[in-house]
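Residue-level structural notes
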Amino acid sequence: MAAKGKQRTEIKRQFKEGEAARLNRHWRGLFLDYLAESSNVSESARKAGVNTSRAYKVRREEPEFARQWLAALWEGYVHLEMEVLRRLREGDQQTDAADKYDFANAIRLLNAHRDNAARAQAEMRNVSAAEVRASIDRKVEDIRLRLRQSAGRPAADEAKDQ
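Residues numbered from 1 in each chain as written. Predicted model: local features only at pLDDT ≥ 70, side-chain atom pairs only at ≥ 80, totals over all residues. Heavy atoms only, no water.

Before going further, it helps to examine helix α7 (residues 129–151). A rise of 1.5 Å per residue sets the reference length of α7, with its 23 residues, at 33 Å; its end C-alpha atoms lie 33 Å apart and thus fit the reference within 8%. Listed as buried for α7 are V132, S135, I136, V140, I143, L147 and R148. G152 sits one or two positions beyond α7 and adopts a positive phi of about 75°. (Helix = DSSP H or I, 4+ residues; strand = E, 2+ residues; numbered from the N terminus. Expected span 1.5 Å × (residues − 1). Buried < 20%, exposed > 50% of the residue type's maximum accessible area, 1.4 Å probe, protein only.)

What follows is the structure in structure tokens.
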């Protein structure tokens, strides 16, 4: 049952495919928690036991859920950024499975989600998205510089790669 005064989002049958017969009533919170950990919508929906389409539909129709979604993505962005910086500072170049950590892919993900992160941070800090994006750009460039330094590559070589 919907909370008093709140409208429930009507979900069509095709948006329920793959879900359990009785959906966990706390799926929104679970989904947002997983999203904050991973920044991966599909995986978060799977772990929360909901169809990805349901999550997107609820986001479109419920402004508060959309705001919480954006905040969770921002948290996931910060987690990835901190993980990259920690690995660079500690010289931790390997994953738990003894594979080489993929710094290039991590930086691509940071760049890909930069705009969403800027919007979320601007909303939380009540500053313009342009100011936040400039701050994020500086951080990503700092990560690139640290990577070049740890690999012993001069900045001129990196410019050729881009």
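A few words on the nonpolar core. Y77, V84, I136 and I143 are the most contacted members of the largest nonpolar core, which totals 20 residues. Counting only elements with at least two residues in this core, the list comes to α4 (63–90), α5 (103–112), α6 (114–125) and α7. Examining the composition of this core, we find that 6 residues originate from one element, α4, more than from any other. Ignoring anything within four residues of it in the chain, the contact list for V84 reads Y101, F103, A106 and I143. Counting 15 residues, the second largest nonpolar core, distinct from the first, contains F31, L35, F65 and W69. (Core = buried A, V, L, I, M, F, W, Y, C linked by side-chain atoms within 4.5 Å. Contact = heavy atoms within 4.5 Å.)

This is a description of form; function is not addressed.
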